[in-house]
Amino acid sequence: MASSPDVIVIGSGVLGLCTAAELAMRGHAVTVIDPGGPNASSIAAGMIAPALESLLEDVSAERAALLKRARDLWPAFADAHGVRLLREGAVWRGPRAEAALDRLQALGFDTRPTPGGLITTDDWRVEVGAALKALTRAPGVAVVKGQVARLVGDARRWRVEADDGRVWFSSTVVLATGSGPPVPGLPDRIAAEVAAITPIRGQLTFVAMQAPARVVRSPGVYAAPCEGGVVIGATMEPGRRDLDPDPVEAARQVASGLELLGEAGEAGATRVGIRGASADGLPLAGASGEPGLYVALAPRRNGWLMGPLVALVVADGIEGREPAADSAALDPLRFA
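Presented here is an overview of the structure given in this document.

The rules we used
- Residues numbered from 1 in each chain as written.
- Predicted model: local features only at pLDDT ≥ 70, side-chain atom pairs only at ≥ 80, totals over all residues.
- Heavy atoms only, no water.
- Helix = DSSP H or I, 4+ residues; strand = E, 2+ residues; numbered from the N terminus.
- Rg over C-alpha atoms; globule rule 2.2 N^0.38 Å.
- Buried < 20%, exposed > 50% of the residue type's maximum accessible area, 1.4 Å probe, protein only.
- Contact = heavy atoms within 4.5 Å.
- Areas by Shrake-Rupley, 256 points an atom, 1.4 Å probe, with all protein chains shown as cover.
- Lys, Arg positive; Asp, Glu negative; His and termini not counted.
- Charge placed at Lys NZ, Arg CZ, Asp CG, Glu CD.
- Expected span 1.5 Å × (residues − 1).
- Arc of directions from axis to C-beta.
- Polar contact = N/O pair within 3.5 Å; in protein donor to acceptor, adjacent residues only side chain to side chain.
- Phe/Tyr/Trp six-rings, centres within 6.5 Å; stacked < 30°, edge-to-face > 60°.
- Pairing = 2+ DSSP bridges.
- Axes fitted to C-alpha atoms, helices over the stretch in contact; angles between N-to-C directions.

1. Side note on the overall build of the protein chain
Reasoning step 1: A tally of helices and strands in the protein chain yields 10 helices and 21 strands.
Reasoning step 2: The C-alpha radius of gyration of the protein chain comes to 20 Å, within 12% of the 20 Å expected for a compact globule of 336 residues.
Reasoning step 3: Each of the three principal axes of the protein chain carries a C-alpha extent, and together these read 60 × 40 × 35 Å.
Reasoning step 4: Of all 336 residues assigned to the protein chain, the portion counted as buried reaches 54%.
Reasoning step 5: Long-range pairs, those at least 24 residues apart, make up 72% of the contacts in the protein chain with a sequence separation of at least 6.
Reasoning step 6: Split by element, the accessible area of the protein chain, about 14100 Å² in all, is 53% carbon and sulfur.
Reasoning step 7: Across the protein chain, the 33 positively charged side chains and the 38 negatively charged ones have centroids separated by 2 Å.

2. Quick notes on helix α8 (residues 247–261)
Reasoning step 1: Compared with the 21 Å implied by 1.5 Å per residue over 15 residues, the 21 Å span of α8 between its first and last C-alpha is a close match.
Reasoning step 2: Where α8 is concerned, the buried positions are E249, A250, Q253, V254, G257, L258, L260 and L261. Here the buried residues of α8 occupy an arc of 160° about the axis, which is enough to place them on one side. Opposite its buried face, α8 presents the exposed residues V248 and E259, each directed more than 90 degrees away.
Reasoning step 3: On its buried side, α8 packs onto β5 (90–93), β14 (198–208), β15 (215–218), β16 (221–226), β17 (229–233) and β19 (266–277).
Reasoning step 4: N-cap assignment for α8: the residue whose side-chain oxygen lies 3.0 Å from the backbone N of V248 is D246.
Reasoning step 5: Positive phi shows up at G262, right after α8, with a value of about 70°.

3. Observations concerning the side chain of T205
Reasoning step 1: Inspection of the secondary structure puts T205 in strand β14.
Reasoning step 2: When its relative accessible area of 1% is taken as the criterion, T205 is described as buried.
Reasoning step 3: Residues in contact with T205, not counting those within four places in the same chain, are V230, V231, I232, A250, V254, A267, G268, A269 and T270.

4. Points about the packing of aromatic side chains
Aromatic ring pairs are described here by two measures, namely the spacing of the ring centres and the angle between the planes.
Reasoning step 1: Counted by the stated rule, this structure contains two aromatic pairs.
Reasoning step 2: Measuring from centroid to centroid gives 5.5 Å for W74 and F77, while their planes differ by 80°, and the two rings are edge-to-face. Here W74 and its partner F77 are both found in helix α4 (residues 74–81), three residues apart, which amounts to about one turn of the helix. In this pair, the class of W74 matches that of F77, namely buried.

5. Side note on the sheet that holds strand β9 (residues 141–145)
Reasoning step 1: Read from one edge of the open sheet, six strands run β9-β3-β2-β13-β21-β20, paired in mixed fashion. Edge positions in the sheet fall to β9 and β20 (284–287), since each has one partner strand and no second. Averaged over all adjacent pairs, the angle separating strand axes in this sheet is 20°, with direction ignored.
Reasoning step 2: Inspection of the sheet shows β20 paired to strand β21 (residues 293–297) by four bridges, in the antiparallel sense.

6. A short note on the side chain of R71
Reasoning step 1: Summarising the element assignment, R71 is placed in helix α3 (residues 61–72).
Reasoning step 2: Those residues in contact with R71, other than ones at most four positions away along the chain, are I48, P50, D122, W124 and L305.

7. Observations regarding unusual backbone geometry
Reasoning step 1: Cis geometry is adopted by the peptide bond preceding A234, which originates at G233 and carries an omega value of -10°.
Reasoning step 2: With respect to the helices and strands, the residue A234 is situated in the loop between β17 and β18 (237–238).
Reasoning step 3: Its identity is not glycine, yet D58 carries a phi of approximately 50°, on the positive side.
Reasoning step 4: For D58, the location among the structural elements is in the loop between α2 (50–57) and α3.

As structure tokens, then:
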């Protein structure tokens, strides 16, 4: 059995689903092939955090401005797709709080001092499970479960083959496979770029407790509100793909997170996700250089922040529109 949607998106993380929803809103029939199981986007705190990410990563003013512009796309995107956007701000607690405040203000973020830290209104979040569900239900998006076994392309169209024999055809494919290995059949150059994405293992733990009013962060740990409590995380372990939780590290994180909050709580399940990162930490989004093949990959730990921007860049490329201002920074060919 074969079908022929306008666009096929391979992968169902935040970048793939945001791109699918954006294309569907523009009138395209989109099929998302979901390999099933948890992915890095579902094992995340849902932070949309240009300010504190800029502080933690000590980014340039230009990078901070790009992250803020990516965040600024979220209100309209959330309204269009039924995603509840939580604009509670975030708290930073840690050493050298005055220097952190000065740094963020110099980068143009709205911040003010608090005892032992600062608060910013520039960082937002989503509830991850609800947001993913809303995106999968976007009108015009069909999500199908399947493992892609092979991709075959010619001058006219791409053939996407599942391991159970199903086949899809389309002139346009978006590769949104996270940190996974290259799909068999990818052109060698694109396969090499996918293989060069660095996997980064991260784990977080749910803790049942009274949730704080907003995300609280400190060097090496965060506590983010969620339904029924908080999630406390997260590790960043480049080069690792194993998915078994580390109970010792989980206990350390939980203890640090509860100390940060000044509260007690009961630790629950620890979850592990594998993120992908490019050489400069920005996503790969746009045309691959192969006719009809686009990529939406490697957002590092900022998948939720970058989702609407990646979707805009990829959708504009598919439709042949004038590139968005930030498309060059995300160009998949920038390392060639």
